[in-house]
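One-letter residues, chain by chain:
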Amino acid sequence: MGEQTWNNPKPGEWKSEELSQGRIMDYKAFNFVDGEGVRCSLYVSGCLFHCPGCYNVATWSFKAGIPYTKELEDRILADLAQPYVQGLTLLGGEPFLNTGTVLPLVKRVRTELPDKDIWSWTGYTWEELMLETSDKLELLSKLDILVDGRYDKSKRNLMLQFRGSSNQRIIDVQQSLQENRVILWNKLKK
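Just so it is clear, the structure is predicted and the values come from calculations on it, not from any experiment. (Residues numbered from 1 in each chain as written. Predicted model: local features only at pLDDT ≥ 70, side-chain atom pairs only at ≥ 80, totals over all residues. Heavy atoms only, no water.)

## Details of the pairing of strand 1 (residues 23-31)
Line of reasoning, step 1. Taken together, the two bridges between strand 1 and strand 3 (residues 66-67) define a ladder with antiparallel strand orientation. Across the sheet, residue Ile24 finds its bridge partner in strand 3, namely Ile66.
Line of reasoning, step 2. As defined by bridge partners, strand 1 adjoins strand 2 (residues 38-44) across five bridges and the pair is classed as antiparallel. Looking at strand 2, one finds that Lys28 is bridged to Ser41. (Pairing = 2+ DSSP bridges. Helix = DSSP H or I, 4+ residues; strand = E, 2+ residues; numbered from the N terminus.)

Shown next as structure tokens:
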């Protein structure tokens, strides 16, 4: 087996406003797999990391799927408003390359449903995001939990909580921003 290779962007190289087509692959209401508790999950279209062994290759194209609409956003907010739903999950695809789509949604959730938590998966590492564009940093600032890092099939572990490879981390975003260092989620099972 050869070396694990990904696309590795330079800081600010991949710009959401140039790449995103405002499309999603799927929206799944009331699921239990994309984070803690009952969740509403939005799978955005488009990713440039192209991790070997990615479980969701269909989301790599920014032209895949269907347009994200105001009607869908309203439905997501209505679903999230259900008392048994813990929060919203952003995945894909790459949410941080679709900030024009997900930032307005996240802002609405923060305003209209402030008790709901927001999780996101990303191929970026925390350290890479710290050097990124203002839209990516704004999205990060509004999250509760970030699962960071590229999927590495050489570190695949099916026993891991909410991630596919051992290099990925489940990060408490707000505490990490406050302390200016990575703080792992306090419910992480060792």
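Anyway, onward from the coordinates.
## Considering the nonpolar core
Line of reasoning, step 1. Ranked by internal contacts, the top residues of the largest apolar core, which has 38 residues, are Leu42, Ile76, Leu90, Leu105, Leu143 and Leu146.
Line of reasoning, step 2. Counting residues per element, the ones that place at least two in this core are strand 1, strand 2, helix 2 (70-80), strand 4 (85-91), helix 3 (99-112), helix 4 (126-129) and helix 5 (134-141).
Line of reasoning, step 3. Residue contributions to this core peak at five residues, all from helix 3.
Line of reasoning, step 4. Beyond its immediate stretch of four places on either side in the chain, Leu146 contacts Phe96, Ser120, Thr122, Trp126, Leu129, Leu140, Arg169, Ile170, Ile171 and Val173.
Line of reasoning, step 5. In this structure, Leu91, Trp121, Val147 and Leu188 belong to the second largest nonpolar core, which totals nine residues. (Core = buried A, V, L, I, M, F, W, Y, C linked by side-chain atoms within 4.5 Å. Buried < 20%, exposed > 50% of the residue type's maximum accessible area, 1.4 Å probe, protein only. Contact = heavy atoms within 4.5 Å.)

## Re the environment of Ile76
Line of reasoning, step 1. Along the chain, the position of Ile76 falls in helix 2.
Line of reasoning, step 2. Among the residues examined, Ile76 registers a relative accessible area of 0% and is labelled buried.
Line of reasoning, step 3. Excluding residues that lie within four positions of it along the chain, Ile76 makes contacts with Tyr27, Leu42, Tyr68, Leu88 and Leu105.

## A word on the side chain of Glu73
Line of reasoning, step 1. Inspection of the secondary structure puts Glu73 in helix 2.
Line of reasoning, step 2. A relative accessible area of 8% places Glu73 in the buried class.
Line of reasoning, step 3. Of note is the side chain of Glu73, whose polar atom sits 2.9 Å from the side chain of Tyr68.
Line of reasoning, step 4. Sequence-distant contacts of Glu73, that is, excluding residues within four places in its chain, are made with Tyr68, Pro104, Leu105 and Arg108. (Polar contact = N/O pair within 3.5 Å; in protein donor to acceptor, adjacent residues only side chain to side chain.)

Note that every value here comes from positions in space, so none of it alone points to a role or purpose.
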